[in-house]
Amino acid sequence: MNATHAAGHHGCTLVSRQLQELAAEAGITITAWVPLSLPVRQRDWSKFDLVIVNGEGTLHHDRAGAKAIAQLAPFLADVGVPAYLINSVYQGNSPSIAEGLKRFRGIWVRDSRSASEAKNHGLDVTIVPDLTLTWNVEARRGFGKRIVVIDSVDRDETAGLYEVSKHLNASFYSIMSRPPRIETFPDRNFGSRCKYQWRRASAWLRSPPQKARWRAQFPTFETFAAYLSNEAGLIVSGRFHALCLAIVLEVPFLAWPSNTHKMEGLLEDAQLSNRIISDRRSVAAKLGLEGMQSYAFSENELLNMRAYKFNARLGAEGMFKAIASGC
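The notes below deal with the structure included here. Everything numeric in this text was worked out from a predicted model, so none of it was measured. (Residues numbered from 1 in each chain as written. Predicted model: local features only at pLDDT ≥ 70, side-chain atom pairs only at ≥ 80, totals over all residues. Heavy atoms only, no water.)

Here we take up the overall build of the chain. For the chain, the helix and strand inventory stands at 12 helices and eight strands. Relative to its length of 327 residues, the chain is compact, with a C-alpha radius of gyration of 20 Å against a globular reference of 20 Å. Projected onto its principal axes, the C-alpha coordinates of the chain cover approximately 60 × 45 × 35 Å. For the chain, the residues scored as buried account for 54% of the 327 residues in total. Once local pairs closer than 6 in sequence are excluded, the contacts in the chain between residues at least 24 apart make up 68%. (Helix = DSSP H or I, 4+ residues; strand = E, 2+ residues; numbered from the N terminus. Rg over C-alpha atoms; globule rule 2.2 N^0.38 Å. Buried < 20%, exposed > 50% of the residue type's maximum accessible area, 1.4 Å probe, protein only. Contact = heavy atoms within 4.5 Å.)

Given below as C-alpha cells:
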C-alpha cells in the first residue's frame, strides 16, 4: 500500500525497487502494488498473507495521506490481515493519528526525530533509514565538475533554489519525471499522466523557476542517477531522495530543508548535520568565492556515511525478516 512508483518521481522509483528486492530476499512475494487512494473496502483482502504500507513522506501534520494510513491500520486489523508500516517519516500529527497506527503489527520510521515524536504518542517504533540507502551501487565520490541544484517539493523553496543555481551558474533539475504507464493496470495513473503532460506543455507560461521545474527533467531513474554520478561534483538538494542518492553515490552535497524534518533527521543520524544549509546567503557566497572544493568530504564524513549506509542495509534486511516471520 502507498505504492508510489507510478508517481513519476525518481526517488520513489528507487524506493519501490529496493522494497521489492529486500522483500524477495526475506521470502516475501509482492503480488499487488496498491495506491493509497484505492478504497480499501473494494478489495478482497483474504487472498493476501500480509500488507506492507510504505510510509515515505506521508505521515506528517495530519495530512490527508496520514489520515488514510491511520484509518487503514484498524481496518486491516479488523479483517484479520497482518499489516506493517515501514519507511516512514512521523511529524506533527495529532493523537488520533497515533491511535490508528497502533493497530499495525510493526512500525519502522526513517530517523530519530520521527521515532522521538512517535514514541511521545505512545507508538512502539524501530528506526531503519530510508530504503534508497540500501541500493548497492559503485560510489563515484563526486568526480564530476558541475554544481547541480535539485528542486524542492515546495514551490517557494524551488524558486529559492533556482535563484541559487542562476547565481552560481549551476545546473538545475527536478527529481520529477513523466509518470510511467503501469502495464498491469494501465488506467491507474492515467489522470496523473495527462496532468503531467499539460503542465509540461504549458511550462512556457509559468515563472522561470516553474518553467525549469517542468522542463529540466530526466526521463528515467537510470539517466538521473548516471548524471549525478558522472557529472556532479556538488549537489545542492531540496529533495530528500536526491540527498539520499548523493549519500549512496558519495557525491558531496548540501541539503536545503524541506517540508518536514526528514533532511535534518537523516543527517543527524548519519552525523552529517554540517551539510544542512542554515545560512543560504553565506553558502552561496562561499561557493562563489571558493568553489566546490570547499565542500569536499572529509575522511571522517566518508566514514560516517559508509557506516550509515551499512547499517541502513542491515536494518532493512532485519525489518523484512521480522515481517516475514510475523514479528
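Anyway, onward from the coordinates.
This brings us to helix H1 (residues 10-25). Its 16 residues give H1 an end-to-end C-alpha distance of 23 Å, which sits within 8% of 22 Å, the value for a rise of 1.5 Å per residue. Those residues of H1 that are buried are in contact with strand S1 (51-56), strand S2 (83-88), helix H8 (221-231), helix H9 (240-249) and helix H12 (299-324). Where H1 terminates, the next one or two residues include Gly 27, which has phi positive at roughly 90°. (Expected span 1.5 Å × (residues − 1).)

Below, the discussion takes up the pairing of strand S3 (residues 106-109). Residues Gly 106 and Trp 108 line one face of S3 and the alternating positions Ile 107 and Val 109 line the opposite face, and both faces are buried. Two strands pair when backbone bridges link them, and S2 and S3 are joined in this way by three bridges, in the parallel orientation. Bridging from a neighbouring strand, Tyr 84 pairs with Gly 106 of S3. On the question of chirality, the crossover connecting S2 to the parallel S3 by way of helix H3 (residues 95-101) is right-handed. (Pairing = 2+ DSSP bridges. Right-handed = clockwise from strand over helix to strand, strands pointing away.)

Turning to the sheet that holds S3, a few remarks are in order. Spatial ordering of the open sheet is given by S1-S2-S3-S4, a layout of four strands whose pairing is parallel. The two strands at the open ends of the sheet, each matched to only one other strand, are S1 and strand S4 (126-127). Packing against the sheet, H12 makes contact with S1, S2 and S3, and its axis sits at approximately 170° to S2. (Axes fitted to C-alpha atoms, helices over the stretch in contact; angles between N-to-C directions.)

To continue, consider the pattern of salt bridges. A side chain with one charge can pair with a side chain of the opposite charge if their charged atoms come near. Applying the stated criterion across every chain, the model contains 14 salt bridges. Between Arg 103 and Asp 78 there is a salt bridge, with the nearest N and O atoms lying 2.9 Å from each other. Of the two residues, Arg 103 sits in the loop between H3 and S3 while Asp 78 sits in helix H2 (residues 64-78), which places them 25 residues apart along the sequence. Arg 103 sits in the partly exposed class, given a relative accessible area of 38%. A residue is classified by how much of its surface remains accessible, and Asp 78, at 58% relative accessible area, is exposed. Residue Asp 130 pairs with Arg 110 through a salt bridge whose shortest N-O separation is 3.0 Å. Of this pair, Asp 130 sits in the loop between S4 and strand S5 (146-152) while Arg 110 sits in the loop between S3 and helix H4 (112-120), and the two are 20 residues apart along the sequence. Owing to a relative accessible area of 1%, Asp 130 belongs among the buried residues under this scheme. According to the relative accessible area criterion, Arg 110 is buried, its value standing at 3%. A network of salt bridges, in which partner residues are shared, links Glu 21, Glu 25, Arg 313 and Glu 317. (Salt bridge = Lys/Arg side-chain N within 4 Å of Asp/Glu carboxyl O.)

In this structure, Pro 180 sits in the loop between strand S6 (171-173) and helix H6 (190-201). Overall, Pro 180 belongs to the partly exposed group, its relative accessible area being 32%.

So, about H2. In a regular helix each residue adds 1.5 Å, so 15 residues correspond to 21 Å; H2 covers 22 Å between its end C-alpha atoms and thus fits that length. Taken as a whole, H2 has its buried residues at Gly 65, Ala 66, Ile 69, Ala 70, Leu 72, Ala 73, Pro 74, Phe 75 and Leu 76. Looking at the buried side of H2, the elements it contacts are S1, S2 and H3.

On inspection of all chains with the given rule, the structure shows two cavities of 30 Å³ or more. The volume enclosed by the largest cavity comes to roughly 50 Å³. Taken together, the residues that form the lining of the largest cavity break down as eight nonpolar, no polar and one charged. Counted as a void, the second largest cavity has a volume near 40 Å³. If you trace the second largest cavity, you find it lined by Arg 110, Asp 111, Pro 129, Asp 130, Leu 133, Phe 240, Lys 262, Leu 266 and Tyr 308. Considered class by class, the residues forming the lining of the second largest cavity number five nonpolar, no polar and four charged. (1 Å grid on protein atoms, 1.4 Å probe; cavity = no way out; pocket = protein on both sides within 12 Å on 5 of 7 lines; lining within 4 Å. Points joined across faces, edges and corners; volume = space filled by probe spheres on them. Nonpolar A, V, L, I, M, F, W, Y, C, P; charged D, E, K, R; others polar.)

By themselves these figures say nothing about function.
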